[in-house]
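Summary of structural features
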Amino acid sequence: MNSLKRVVILGATSAIAEQVARQLVSQGSHLYCVGRNEQKLNAILQDLRVRAGENQPISGCSADLTDTGTHQSLIAGATRFLGRIDAVLVAHGTLPNQEACQANVDQTLSEIETNALSIVSLLTPLANQLEEQRHGVIAVISSVAGDRGRQSNYVYGASKGMVTIFLQGLRNRLSKSNVDVVTIKPGFVDTPMTADFDTSGLLWSKPDSIAKGIVKAMEKGKGEIYLPWFWRFIMIVIKHIPDTIFKRMHL
Ligand SMILES: NC(=O)c1ccc[n+]([C@@H]2O[C@H](COP(=O)([O-])OP(=O)(O)OC[C@H]3O[C@@H](n4cnc5c(N)ncnc54)[C@H](OP(=O)(O)O)[C@@H]3O)[C@@H](O)[C@H]2O)c1
């Protein structure tokens, strides 16, 4: 089992990440949380401190994670605060408007920057640090959308697909250094990101149940995990639809 004693959460204001933080605090973790919205982050930190025990340090800082120039100092700050990093969760992301991206390449590139490039930039020094200490777990929230490009969201899907492939290679590399790399692929989750969708169907989950799956996967050092589990089978079907049929579908 991986230790989740000293944990860095990047994108800590996400609804899913907030639930992960609550669960970690309830099991005694020390947390360093990074989020973009300072007000929201401070409210989350305050809530976590109320839930934490006396000798359970909780802190963080606000940062726009597309600002890659700050990543080294962010990681150094987190390491100083925690003493050592046992685990990292990368949770930030945006769900682009696909049609707006099709009309404007700058928007497409900006979405790819948020959902893929910023993560590569964060994971490069983090992976080196954990590799050197020969201990730890890196978890990133990718998505089922990264398993196959669909007309309705392929800018998002391509970004998540890049993250998934990057993590496959990183897992392969870091397994020799006792560092686990966990790719989390949620299906539909009822969060602010999906506020415009009808979230009433059977395929929709709540962030707290996804968070439980994330914490368990990080502890066990799972490779790729679908949350809830049934998305693995949905995606097997989606991935195996022949292209000649797939291109005629409105997905
Ligand atoms: N909800 C779903 O159905 C679903 C499904 C599969 C995967 N996911 C993934 O799950 C992760 C968490 O999303 P969520 O569902 O919890 O949605 P959410 O509550 O909307 O969280 C997204 C978070 O990303 C943060 N963020 C966006 N751009 C950022 C940047 N440049 N720097 C720092 N933080 C930034 C946002 O910060 P602000 O508060 O400042 O906006 C927000 O807190 C995302 O990676 C998402 O792609 C979600």
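Up top is the structure.
The notes below deal with the structure included here. Given the structure is predicted, the values throughout are model-derived calculations rather than measurements. (Residues numbered from 1 in each chain as written. Predicted model: local features only at pLDDT ≥ 70, side-chain atom pairs only at ≥ 80, totals over all residues. Heavy atoms only, no water.)

All right, on to the sheet that holds strand S2 (residues 30-35) then. Taken in spatial order, the 7 strands of this open sheet run S3-S2-S1-S4-S5-S6-S9, and their pairing is parallel. What marks the edges here is a single partner per strand, and that holds for strand S3 (58-62) and strand S9 (224-227). Between one strand and the next, the sheet's axes are offset by a mean angle of 15°, whatever the strand orientation. In this structure, strand S5 (residues 136-141) lies alongside strand S6 (residues 179-186), joined through 6 bridges in parallel fashion. Bridging across to S6, Gly136 finds its partner in Val179. Each of strand S1 (6-10), strand S4 (87-90), S5 and S6 touches helix H5 (residues 105-133); the most contacted strand, S5, lies at about 165° to it. Those strands touched by helix H6 (residues 154-174) are S5, S6 and S9, and its axis lies near 155° from that of S6. (Pairing = 2+ DSSP bridges. Helix = DSSP H or I, 4+ residues; strand = E, 2+ residues; numbered from the N terminus. Axes fitted to C-alpha atoms, helices over the stretch in contact; angles between N-to-C directions. Contact = heavy atoms within 4.5 Å.)

Glancing now at the packing of helix H3 (residues 71-82) against H5. Packing of H3 against H5 brings their axes to within 10 Å, and their N-to-C directions diverge by 45°. Comparing the axis directions of H3 and H5 gives the class oblique. As for how H3 packs across H5, the hand of that crossing is right-handed. Residues His71, Gln72, Ile75 and Thr79 of H3 form the contact with H5, whose participating residues are Ser118, Ser121, Leu122, Pro125, Leu126 and Gln129. (Parallel < 35°, antiparallel > 145°, perpendicular 65-115°, else oblique. Left-handed = near helix turned anticlockwise from the far one by under 90°.)

It is worth spelling out the pairing of S5 at this point. In terms of burial, S5 is a largely internal element, 6 of the 6 residues being buried. Residues Gly136, Ile138 and Val140 point to one face of S5 and Val137, Ala139 and Ile141 to the other, with burial holding for every one of them. Pairing of S4 with S5, which is carried by 4 bridges, proceeds in the parallel orientation. Paired with Val88 across the strands is Ile138, a residue of S5. In this fold, S5 hands off to H6, which returns the chain to S6; that crossover is right-handed. (Buried < 20%, exposed > 50% of the residue type's maximum accessible area, 1.4 Å probe, protein only. Right-handed = clockwise from strand over helix to strand, strands pointing away.)

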